[in-house]
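Reading the structure
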Amino acid sequence: MITFTPLSGAARTVRTIPLAYLLQVDDVRILLDCGSPDWCPEPPTEGVDDDAPPPWEKYCEALKESAPTVDLVLLSHGDLPHSGLYAYAHAHWGLTAPAYTTLPVQAMARIAATEDVEGIRDEQQVEDPSPSSSQFAGGEPSASPTGTTSPSPSPTSPSPPPSANPRKRKYVATVQEVHDAFDSVNVLRYSQPCHLQGKCQGLTIIPFNAGHTLGGTIWKIRSPSAGTILYAVDMNHMRERHLDGTVLMRQSSGGGGVFESLARPDLLITDAERANVTTARRKDRDAALLDCVTATLTSRNSLLLPCDSSTRVLELLVLLDQHWNYSRLKFPICLLSRTGREMLTFVRSMMEWLGGTISKEDVGEDGTGRGGRDRRRRDDDNDDEALGAFALRFRHVEFFPNPQSLMQTYSSKDPKLILAVPATLSHGPSRSLFAQFAEIPDNVVLLTGRSEPGTLGRILFDQWNNSQREEAKWDRGKIGSNIMMDGVLRLEMHSKVPLQGAELEEFLAKERAAKEKEAAHQAALARTQRMLEADEGQSSDSDSDDSSDSDEENEVERTLGEDLMDTTDDLKQAREGPNVSSRISKRKRGEGGAADGAEWALGVEPEDGVTRISFDIYLKGNVAKATSFFKSADGQTQRFRMFPYVEKRRKVDEYGETLDVGMWLRKGRVLEEDAENEETKEARRRKEEEEAKKAPREPPSKFVTSVVEVQLACRLFFVDLEGLNDGRAVKTIVPQVNPRKMILVHAPQEATDALIESCANIRAMTKEIYAPSQGETIQIGQQTNSFSISLSDELLASIKMSRFEDNEVGYVAGRISSLATSTIPVLEPVSTASLQSQSTARQLPARAHILGSRPTQILPQSTMIGELKLTALKARLAQVGIQAELVGEGVLICGAAARRGASADSLEDSVAVRKTARGRVELEGSVSDIYYKVRKEVYALHALVAA
């Protein structure tokens, strides 16, 4: 039985991202994708409850509850909507099940998640605030453990920090958690079957090319009980500049049909987000984007192009780089991304995953004689990083980690094309640049995607789309025009600023106090170690270690613990550090023992150089009690005023050998120092200095939130470059795949209804189409139980096998027996007579015996496996000399009636083969040679399992 539950990205919903679905095949729970939402949406408008939970709360709670029970994770694309939350769930929610994806998706998802978490953590405090850091004394910020401070409520920060409200918590991982999570992901190649083990034993997963992103995957899941399941979301059948189209539609297979391995699955899980969208031709879209870029730059203005950090930005870079080379433009292309260089370095090493116009001829060496020339070009350019295709070198692209470095290189008046992350404009460089960029007239903000609902990117897209004519809207297959923006836009800006003035002094004072406390604690630990070593050296040489001595030592320690003396304070000094030590010494000086107290304080070393042992303490207080000479009733002995001394004995092993721990510690340090020569020591010291220089200490800072009013004066333009199938392609591909059952996800209400209606108009299309909402669970099929059984050698030898496709099928009848040497039962053959008698007794009702009658024998029925194709039958009949013609739908006329001008008498030598909707095959005709020949060919196209 198959159970499917959309955790997020369901059908008939406004918020179609992120994508996360829980698929249960029998007892195996599979998580399909694990995307993350945009953590920084715009504040709610007036009339919306501020205390309402964020849109991701329901999804995160469901994923948190389901994560520990997941047995398998499959990631399809390397962007945030498909794999952004996997790192946090892996580190905090117990999502430690085996995860599989392709190598580019693993790397691209790592890069996208790293860029996202670094951008958010650089502007906002995402951890749960501790009680000390969430309380403000006198309006002053308090230092947090990471060296940053929380903002104080002031007019410049009208809203509290995002993490102050636990209902609006952001589940953002750390950079280390991102690397650890994606290091644990298993990678596969396209069309590589992976037979799972453990609880998932019996399942086979195979990735196929989906297009849209580098390494994008269609997952084929084969189960022995549930059949074939196809998970295909966010596909693109069109060839792009850096990617080939999806393998689902192969131009070379059957004249452009569906790839045979993916046809006719038992269950298809696909998206219908663009089922009602008509996309303009790619040639027109590219021309519109390049014309806008060229016209803006030549008029001495700049463009801001928000983009993602790992996947679709590659198509933009290839398109712009080719245009720059062809038009010989000299304007800079600025990519604002922390991970831009890392992403391109990886892509250059993944040439076998690329396609489109980036062919193997662009690689440095292709084995056709051009390798030497290309190698010389690479060496002349002195570009060591350009190890891959020349189309991916991007000579005109400059990388900047933040907007500050961009402003230091180019002024705001210089014409330039800026690609900034993220595409949603919710945080990071793209948002901070937009606040300054939008106020300059004739600058252009160029959008290439619609972004997630609730973000600034979606707000700008809706504003552009609403300003277009009805026939020029984005989903009508036309290219719109740019619009002039006006009005005032209020933006909430988050930033981290260094501490200054009194805040900085307070933070430094607390830091100095913490360092002094730590140093004093380390000094106390070091002195305790020295005293223990001294005790080892000054202990007696006694070898006796009987139980009576141990009892005396325990008795003295118990006695000292009950006396009214200050030994407890002295023992606490070694644990609590110098502050307590100095406090005790001051008290002692106040009582008249100034010199003694100063000398015996644990935090102060004696100036005379005498080594003190750990038992140099004074005995104070009245410990004399009126006790008898004998032991009291409670077992306590008589106690006297005396110096509390416990004799220490050397530690020996069972053979009497003395164990000198301090000597071995000293020897170990000496051996380590001798093993390192001067060069090694110098190299290590130099390496430590270089690392200290590379990682400068971040100045103490705090997070602040401010509201900025942006006077809009720029232009706004949208060109669809998301690289997804439109409605025409979806309505063409899905019927050709022809699944037996289908589940629609990741689609709004109108698109879901449009695809269901389109499939309903196709006669051969399945009627079992499901569109579950978020959190709704649907069940497909029935519960099946799988059992393991072993066939005996005698039974295997008697089975008549029939070949069907790549399998051999046979009919088995036997008796189950158990062996003491095995836990798996064995099926053994039985006699035919006993089988027939058992079946007769089981199937025939008891009735009176009639004289002279014989018992009715039920003949065993054979089974035919396979699906008859009338075109294949027609071809086989033509090979044996029988003419056949297709008439109507699902009817094949064979024999004389198939010839033109056949007389009525010849109809006796004709046979009609009909194929009904339920898969039944009917042969209609007179008994003749033609009938038996046609029946023989029909049998040959099936696997006959004889009973």
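As the structure is a computational prediction, the values presented were derived from the model and not from experiment.

1. Remarks on the sheet that holds strand β21 (residues 715-718)
Read across the sheet, seven strands follow the order β15-β14-β16-β13-β17-β21-β18 without closing on themselves; strand pairing throughout is mixed. Each edge of the open sheet carries a strand with a single partner, namely β15 (397-400) and β18 (483-484). Relative to β21, strand β17 (residues 444-447) runs parallel, the two sharing four bridges. By the bridge assignment, V444 is partnered in β21 with R715. Strands β13 (303-306), β14 (333-336), β15 and β16 (417-420) of the sheet are contacted by helix α8 (residues 313-327), whose axis makes an angle of about 165° with β16. Contacting β13, β14, β16 and β17, helix α12 (residues 428-437) runs over the sheet at an angle of about 150° to β13.

2. Quick look at the environment of H82
Along the chain, H82 falls in helix α2 (residues 80-83). The class for H82 is buried, based on a relative accessible area of 1%. In this structure the C-alpha to C-alpha distance between H82 and D33, which are 49 residues apart in sequence, comes to 5.2 Å. A polar atom in the side chain of H82 sits 2.8 Å from the side chain of D234.

3. Quick notes on the sheet that holds strand β28 (residues 815-817)
Strands sit in the order β25-β29-β28 across an open sheet of three strands; the sheet is mixed. The open sheet has two edge strands with one neighbour each: β25 (790-791) and β28. Pairing analysis gives three bridges linking β28 to strand β29 (residues 826-828), with the strands arranged antiparallel. Looking across to β29, one finds that S817 is bridged to V826.

4. Let's talk about the layout of surface pockets
Reported here for the largest pocket is a volume of approximately 2300 Å³. For the largest pocket, the lining is made up of 50 residues, of which R264, R740, E867, K869 and K915 are closest to its centre. The leading source of residues in the lining of the largest pocket is helix α26 (residues 929-940), at four residues. When the residues that make up the lining of the largest pocket are grouped by side-chain class, the tally is 22 nonpolar, 13 polar and 15 charged.

5. Details of the packing of aromatic side chains
Enumeration over the complete set of coordinates arrives at 17 aromatic pairs. Relative to Y21, the ring of F4 lies with its centre 5.7 Å away and its plane at 25°, an arrangement referred to as stacked. One end of the pair, F4, is in strand β1 (residues 2-8); the other, Y21, is in strand β2 (residues 20-25), with 17 residues separating them in the sequence. With respect to class, F4 is no different from Y21; both count as buried. Considering the side-chain rings of Y86 and F182, the 5.7 Å spacing of their centres and the 55° angle between planes classify their relative orientation as tilted. On the criterion of sequence distance, the pair formed by Y86 in helix α3 (residues 86-92) and F182 in helix α6 (residues 175-183) is long-range, its members being 96 residues apart.

6. Some words on the confidence of the model for the protein
When pLDDT is averaged across the protein, the result is 77; 72% of the residues are at 70 or more. Scored below 50 in pLDDT, residues 540-548 makes 10 contacts in the model with residues more than four places away or belonging to other chains.

7. Quick notes on the pattern of salt bridges
Under the defined criterion, the tally for this structure stands at 27 salt bridges. With a shortest N-O distance of 3.3 Å, R338 and D122 are connected by a salt bridge. Residue R338 is found in the loop between β14 and α9 (340-348), and its partner D122 is found in the loop between α4 (103-121) and α5 (131-134); the two are separated by 216 residues along the sequence. Relative accessible area serves as the criterion here: at 33%, R338 is assigned to the partly exposed category. Assessed through its relative accessible area of 34%, D122 is described here as partly exposed.

8. Considering the nonpolar core
Ranked by internal contacts, the top residues of the largest apolar core, which has 79 residues, are L289, W324, L417, L419 and F434. Residue contributions to this core peak at eight residues, all from α8. Here L419 is in contact with L305, C307, V313, L316, L317, L320, I333, C334, L335 and L336, once residues within four sequence places are set aside.

9. Topic: the side chain of E273
For E273, the location among the structural elements is in the loop between β12 (267-271) and α7 (282-298). For E273, a relative accessible area of 14% gives the class buried. Of note is the side chain of E273, whose polar atom sits 3.1 Å from the side chain of R450. Filtering out sequence-adjacent residues up to four positions away, E273 remains in contact with T16, D234, R450, H746, A747, P748 and A751.

Rules used throughout
- Residues numbered from 1 in each chain as written.
- Predicted model: local features only at pLDDT ≥ 70, side-chain atom pairs only at ≥ 80, totals over all residues.
- Heavy atoms only, no water.
- Pairing = 2+ DSSP bridges.
- Helix = DSSP H or I, 4+ residues; strand = E, 2+ residues; numbered from the N terminus.
- Contact = heavy atoms within 4.5 Å.
- Axes fitted to C-alpha atoms, helices over the stretch in contact; angles between N-to-C directions.
- Buried < 20%, exposed > 50% of the residue type's maximum accessible area, 1.4 Å probe, protein only.
- Polar contact = N/O pair within 3.5 Å; in protein donor to acceptor, adjacent residues only side chain to side chain.
- 1 Å grid on protein atoms, 1.4 Å probe; cavity = no way out; pocket = protein on both sides within 12 Å on 5 of 7 lines; lining within 4 Å.
- Points joined across faces, edges and corners; volume = space filled by probe spheres on them.
- Nonpolar A, V, L, I, M, F, W, Y, C, P; charged D, E, K, R; others polar.
- Phe/Tyr/Trp six-rings, centres within 6.5 Å; stacked < 30°, edge-to-face > 60°.
- pLDDT = per-residue confidence, 0-100.
- Salt bridge = Lys/Arg side-chain N within 4 Å of Asp/Glu carboxyl O.
- Core = buried A, V, L, I, M, F, W, Y, C linked by side-chain atoms within 4.5 Å.

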